[in-house]
Number of protein chains: 2
Amino acid sequence: MKNDKNIGCNELNLKQTASYLRKHNNYIILTHASPDGDTLGSAYALYYALNEIGKTACVLCPDVIPKKYDYFARKTDHVSMENSTVIAVDIATEALLGGLKDEFAGKINLCIDHHISNTRYAENLYLDASAAATAQSMYELIEQMKVNINDITAKALYTGLATDTGCFKYANVTEKTHLIAAELYKFNIDAAEINRLMFDTKSKKLIKLEQMVLSKSEFHFDDRCFLLPVTAEMQEETGCSGTELEGIAVISRSVEGVMVGITMKQTDMEEFKVSLRTYPPLDASAICNKLGGGGHVAAAGATVKGTYEEVKARVLKAVGEALEEVDAGSDSVR
Amino acid sequence: MKNDKNIGCNELNLKQTASYLRKHNNYIILTHASPDGDTLGSAYALYYALNEIGKTACVLCPDVIPKKYDYFARKTDHVSMENSTVIAVDIATEALLGGLKDEFAGKINLCIDHHISNTRYAENLYLDASAAATAQSMYELIEQMKVNINDITAKALYTGLATDTGCFKYANVTEKTHLIAAELYKFNIDAAEINRLMFDTKSKKLIKLEQMVLSKSEFHFDDRCFLLPVTAEMQEETGCSGTELEGIAVISRSVEGVMVGITMKQTDMEEFKVSLRTYPPLDASAICNKLGGGGHVAAAGATVKGTYEEVKARVLKAVGEALEEVDAGSDSVR
């Protein structure tokens, strides 16, 4: 069944996708679960663009949309499934539909995405893996459709572009990303205020949690490894959970001289979600493979069972071996 | 004397400045004290551009250039004062020449700057106060001069652009800033690595200091005010001082719901440098005026004498009055 669907996935180019969007109507636009700025910004930009040309549309998010996106994420009208066109935005796999999976799995007419890992679950797919954000593709689609961009559409697009790139900081940014940002500055978007909301605003409880985590942090291997424990107790005491904890892994590799940042987030009595962040020549994914996980060269993860001390020992052993290999490599160069 | 000099300051436009730079030779390029990414990036970009057209040039910085700028800030040859052309880059007042003031004050032939507060101390001035960074103007100057940009020149320019805008986050960013960033991405600049060095790398001692500061932080006025004490003891114990402490004020206003962030940095036995960060409708500069200081609407400061408790009481009184005014204002609106 899955294979059949994969074979049936029809890849569209930019022009074909724009014409598809012009042709259909009654759009149900889906975002992924635990929504971020890119899935929401892209979905709402599409919603406003479709409205602009008289199409009926709604945005459905599997989870509650955080209040900080209120400046563009308004409540939309209901569109019934009958005769609808279902669009998945920034959703790499159907699993990411979360609570909307039962209703919409197998019924996605078009997916617009930038994840190279997209599982081709939709009837039609527009995938530009070179785009820094789905919002980058969405801007190009709206331009290709020759639809007028409003201030609120520009705000939504800018939000997607900025959030998926760490405000133009990461390696996914290209010349095109900055060119589109420049175009969006022609609108009344108040980018500085968007960036303050997205990047410089932490909840009181997260500040508290970060303090707790840092107070229990440990340096290993001549300060080349920084380990941050996020215990169940810390999560309970502060009430921080889920996506709120994502920033901790960033802290783990922000210390000067650190080559490996380890975050150990307790997910059960004797289970930890280990997140690794590395700098070259270390390979986070290779280290996490040893722990039964995987990921990318610079960021990877694994779920490891055991007590805190047991898991820590296993992770440090794997990291230590990788560091030894690096040391041996640099020895042979000398 | 000062007035004479002010009257004598000759303001040049972009074209005139480019032709000035083409015409002269033996350049001594000065950066400001406590150098940042913009003064260094702009100065070195100019240095490489002048080299490219066969001019003799050197860069002089009043302080040691931090190692993190090594990727573009190389040691330059010596240029003697005789027959030299002295250029001040990103330097708003001669006081910012620091240790180079005695040697160069009154001898600046051309200042290239973007600070509206520039005191017009130089013989010639190219000032574009609408530029997000001096590096933005420097890019335009090099383009106007029709000088080839190399990878290292592009790296220097990108560094200035990114650091003065918080990586394209702040209100000084314009369409033009992003357009120039897009142009610089055509070169081999590894922007992600530059951004990691500039924004995501903290020293171990700063992490330690931040922990200490947060552990002594206080919320006031229904969590609308967040106060961070940076005592002499904390500075001594961690060895953090000067520009390293600049990021603390940013933390003070990063908490959700906080309208005023206060940082109290101890500078003497009974003296504190108070930094205020506010959000509208609060006016940081009005509050700091009450404390004998001043600044901008969103960021201001004052030096207040007294014990920690005395200074804290004075600052909180001034902040409390401002919050009361805001509350009264919103009452009348209801």
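Model, not experiment: these values are computed from the prediction.

**As for the packing of helix H6 (residues 151–164) of chain B against helix H8 (residues 191–199) of chain B**
All names here are of chain B. Direction vectors running N to C along H6 and H8 enclose 50 degrees, while the axes themselves pass 11 Å from each other. On the basis of their axis angle, the class for H6 and H8 is oblique. Viewed along their axes, H6 and H8 form a crossing whose handedness is right-handed. Contact residues: H6 offers Lys-155, Tyr-158, Thr-159, Ala-162 and Thr-163, while H8 offers Ala-191, Ile-194, Asn-195, Met-198 and Phe-199. Here the contact of H6 with H8 is built from residues that sort into six nonpolar, three polar and one charged.

**What about the domain arrangement of chain A?**
As assigned here, chain A comprises domain 1 (10–199) and domain 2 (204–333). Computed over C-alpha atoms, the centres of domain 1 of chain A and domain 2 of chain A are 32 Å apart.

**Some points on the confidence of the model for chain A**
All names here are of chain A. Per-residue confidence for chain A gives a mean pLDDT of 93; residues scoring 70 or more make up 96%. Here residues 1–5 is a poorly scored stretch, pLDDT under 50, and it has four contacts once near neighbours within four places are set aside; other chains count. What the predictor reports for the complex is a pTM of 0.88 with an ipTM of 0.87.

**Here's the deal with the pairing of strand S12 (residues 299–305) of chain A**
Residues and elements named next belong to chain A. Inspection of the sheet shows strand S10 (residues 271–278) paired to S12 by seven bridges, in the antiparallel sense. Note on S12: the bridge partner recorded for Phe-272 is Val-304. Pairing geometry for strand S11 (residues 294–295) and S12, over two bridges, is antiparallel. Bridging across to S12, Gly-295 finds its partner in Ala-300.

**Considerations on the nonpolar core**
In this structure, Ile29(A), Tyr158(A), Ile29(B) and Tyr158(B) are the most contacted members of the largest nonpolar core, which totals 106 residues. Excluding its chain neighbours within four sequence positions, the residues that come into contact with Ile29(B) are Ala43(B), Leu46(B), Tyr47(B), Leu50(B), Ala57(B), Cys58(B), Val59(B), Leu60(B), Ile87(B) and Val89(B). The next biggest cluster of nonpolar side chains, apart from the first, holds 25 residues, and it includes Met259(B), Ala300(B), Ala318(B) and Val326(B).

**Things to note about the relation of the copies chain B and chain A**
Between the two copies of this chain, the relationship is a rotation about some axis together with a displacement along it. For the pair chain B and chain A, the best superposition has an RMSD of 0.2 Å and corresponds to a rotation of 180 degrees with a translation of 0.0 Å parallel to the axis. Overall, the copies show the geometry of a two-fold rotation axis. For chain B, the minimum C-alpha distance to the rotation axis belongs to His178(B) and amounts to 2.6 Å. Comparing contact sets, 100% of the residues at the interface of chain B also lie at the interface in chain A, consistent with an isologous, same-surface contact.

About the thresholds
- Residues numbered from 1 in each chain as written.
- Chains lettered and ligands numbered in written order.
- Predicted model: local features only at pLDDT ≥ 70, side-chain atom pairs only at ≥ 80, totals over all residues.
- Heavy atoms only, no water.
- Axes fitted to C-alpha atoms, helices over the stretch in contact; angles between N-to-C directions.
- Helix = DSSP H or I, 4+ residues; strand = E, 2+ residues; numbered from the N terminus.
- Parallel < 35°, antiparallel > 145°, perpendicular 65-115°, else oblique.
- Left-handed = near helix turned anticlockwise from the far one by under 90°.
- Contact = heavy atoms within 4.5 Å.
- Nonpolar A, V, L, I, M, F, W, Y, C, P; charged D, E, K, R; others polar.
- Domains from an automatic or database assignment.
- pLDDT = per-residue confidence, 0-100.
- Pairing = 2+ DSSP bridges.
- Core = buried A, V, L, I, M, F, W, Y, C linked by side-chain atoms within 4.5 Å.
- Buried < 20%, exposed > 50% of the residue type's maximum accessible area, 1.4 Å probe, protein only.
- Least-squares fit on C-alpha atoms with pLDDT ≥ 70 in both.

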